[in-house]
Structure formats: structure tokens, C-alpha cells
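# Tertiary structure, described
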Amino acid sequence: MEQGSEFDLVDVEGTEIDGDEWDPIDVSETDADRIAKKRDRKFEQFEKRIKDADQFKVEQSVFDDATLAALYKLVQDGHVDAFGGPISTGKEANVYLARGPDDTEVAIKVYRINASNFRQMRDYLEGDPRFEGLGGKKKDVVLAWVKKEFANLKRAKKAGVLVPEPIAVERNVLVMEYIGDDQDGRAKRLGEVSVENPETAYNVLREYMRRLYSAGLIHGDLSEYNVVFYEGQLVVIDLGQAVTVHHPNSYEFLERDCRNVANFFTREGFAVETDDLLEFVTAVSADPSRD
Ligand code: ATP
Ligand code: MN
């Protein structure tokens, strides 16, 4: 994550979008699927080790063979060195702490293909130029979703929004920068802390929303649950459902995001009108032509 003092907005310079992220996203058979099919001895040993590991016992259902193969591939590729405990167990995805190369810490988000509401996912992929040829197969939709989350994180970061740095994606598993530290654990969500200076925090968040919008993205699930507070800065997380401005409902999603954010800060003692926020965010032009 970029360094900076209290609520420093990240540098606006160097936020040009190359525009390659609207390229079609491929969900054909993954290396993980091939590994799971082939089942060589090394993979079987890895699988047994993971299945016996304490921190995964409760979550056995997440780790079907292909998911284990995805984890195996991530280890082989050097993105993950060791697995840590769970950070969060959600409806559709579980997040784990892990050790990355050179003693870094990474967060691993594992989507459960069977638990995923893929019909809703499909709806969120509508209009997105990156997914034009995507069929309706459940697995393909979930895999596309994970790649979309990765691409959205990259795009958001380029646009100057603090997000976890995306590191790798393999099948239904996303590896990203871990926001947190040994002392306090994962960074707290905005809704879990008492915001000392809501006006400053609001100004940062609305600037982030504006930067996302100008990069052609709308978060789509923005609220105090998907913004964390770390080392004096706000970090936006959970960009899986973020849509491009091409989406037929993108404006509604943006309005809803604005409403959630305005309501939160109003409750925190800094009154914000949804419409004012909406106006601020959309005062810049959304530029999907950067595609
Ligand atoms: P879904 O709705 O699909 O279940 P989710 O809301 O569970 O997704 P996230 O919001 O991405 O998924 O992650 C869940 C929780 O895990 C977050 O609220 C946050 O506390 C923690 N978390 C996620 N990503 C990171 C990260 N990179 N670093 C630290 N903590 C994280
Ligand atoms: Mn979330």
C-alpha cells in the first residue's frame, strides 16, 4: 500500500489508465482443473496436508479437488508460501491469511462455486465488455467473477484508489495484499471503528468514488462494510460486484452506493445528502472510452 500521512489522498499523477483491462476475459479450462484431473503424487501429498491442517478443518466444503489444485498452483507459482487461519467466512467466499514470498502477508479469497449465487453474478456481468462471450455455465460465471474482481482491483488502483493490491488469480481463488498487521490483525471495517473525523473520512471516500467513476467503475456494494481503516487511511475492498458504466443498472448501483455512504456519515454525525454525493461523483466524466 502507498505510504502517506493521515488521510493523504494518493497521488493523482501516474493514474493514467492503459486501457487494456477491458480486454476479453478468458474462462477456459484452468491449470487448476488440469492439475486436479491429473492428480500426480506431489499434488496428492499437498492435498492431504491441506486437508489435515487445523485451520481448514471447519471449512472442508470449500476445498474441493479443483480448489485445492488452485491453491497448489498458487504455491508452485510462488505466490503463496504457507496458509494461515481464516479472516472471514462469507456467504459466497472465505478469506484466509497466508504467507506470501519474502515473509509478506497476503489475503486469499476463495469463492465457493456451489454456494455462489451465479444468477445474480450473471446479472452483474451484463453489459460489461469484458464478458461479452460468456455463456451461462455456473462454473464459468464464478470464474469470470473472480477474474473480474482482480481486474477491478487493478483498475481501481490505477485510478488512484487505495485497494488491496491484486497479486494473482487462479480458478476460484484470488490472492491480494493483506490489509492488517500482526498486532491488530485484519484492518477494521469502517463500521467497526468509531470514526474520529467523519468529515475528513467522507472527503476521502467521495474522492475515491469519483476516481472509480472516472475510470468507468461503480463499486456496487459500497458501505461501511466494504471500506477498511488502516494506518490512518481508508482502503476500499470487495470489488467483485463492481460494474462498468456500460451496465444497464450502473446508475442505480451508483445511487445506492451514494445512499449507503451518505447514511453512514450522517449517522456518524456528519450530515451528507445522497444527491450531493451523487453530483460530486458524476461531475467528472466517466471515461469508458479508455477501453
Ligand atoms: P461475499 O459477499 O461474496 O461473501 P465478502 O463480503 O465475504 O464477499 P470481502 O468483503 O471481500 O468478501 O471480505 C470479507 C472480509 O474479509 C472483509 O470484510 C474484511 O474484513 C476481510 N478482508 C477481505 N479482504 C481483505 C484483505 N485484502 N486484507 C484484510 N482483510 C480482508
Ligand atoms: Mn464484503
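For the structure, check the block above.
Residues numbered from 1 in each chain as written. Chains lettered and ligands numbered in written order. Predicted model: local features only at pLDDT ≥ 70, side-chain atom pairs only at ≥ 80, totals over all residues.

## What about the site of ligand 1?
Defined as follows: We call a residue near a molecule or strand when its C-beta atom, built from the backbone, sits within 6 Å of it. Each residue is assigned to one class: nonpolar for Ala, Val, Leu, Ile, Met, Phe, Trp, Tyr, Cys and Pro, charged for Asp, Glu, Lys and Arg, and polar for all the others, Gly among them. Here the bounds of each domain stem from an automatic or database domain assignment.
The environment of ligand 1 is made up of 21 residues, and the closest members are S88, G90, E92, A107 and D238. Residues belonging to the shell around ligand 1 are distributed by class as follows: 10 nonpolar, four polar and seven charged. Each of two domains, domain 1 (31-181) and domain 2 (186-281), supplies a minimum of three residues to the shell around ligand 1.

## Side note on the packing of helix α7 (residues 198-214) against helix α9 (residues 274-282)
Heads up, the rule is: Fitted lines through C-alpha atoms serve as axes, helices being fitted only where they are in contact, and the angles separating the N-to-C directions of these axes extend from 0 to 180 degrees. A run of DSSP states H or I qualifies as a helix once it reaches four residues; a run of E qualifies as a strand once it reaches two. Both are numbered from the N-terminal end. Angle categories: roughly parallel below 35 degrees, roughly antiparallel above 145, roughly perpendicular from 65 to 115, and oblique for all the rest. Here is the rule for handedness: rotate from the far helix to the near one, and if that takes an anticlockwise turn smaller than a right angle the crossing is left-handed, while a clockwise turn gives right-handed. Once C-beta atoms have been placed from the backbone, residue pairs whose C-beta atoms lie within 7 Å are recorded as contacts.
Interhelical geometry of α7 versus α9 gives an angle of 45° and a closest axis separation of 8 Å. Relative to α9, the element α7 is oriented oblique. Considering only the axes of α7 and α9, their crossing is right-handed. Across the interface between the two elements, R206, M209, R210 and Y213 from α7 touch L277, F280, V281 and T282 from α9. Here the contact of α7 with α9 is built from residues that sort into five nonpolar, one polar and two charged.

## Things to note about the pairing of strand β5 (residues 173-177)
Remember that side chains alternate between the two faces of the sheet whenever the strand is regular. This is how the line gets drawn: Three classes are used. A residue is buried when 20 or more other C-beta atoms lie within 10 Å of its own, exposed when 12 or fewer do, and partly exposed in between, with C-beta atoms placed from the backbone. Here a strand pair is declared whenever DSSP counts at least two bridges between the two strands.
Among the five residues that make up β5, four are buried, leaving the element largely enclosed by the rest of the structure. Note that strand β3 (residues 105-111) and β5 share five bridges and pair antiparallel. Bridging from a neighbouring strand, V106 pairs with E177 of β5. As defined by bridge partners, strand β4 (residues 166-170) adjoins β5 across four bridges and the pair is classed as antiparallel. Its bridge partner being in β5, A168 is matched across the sheet by V175. Connecting β4 to the antiparallel partner β5 that follows it, the hairpin turn spans two residues, and R171 within it adopts a positive phi of roughly 55°.

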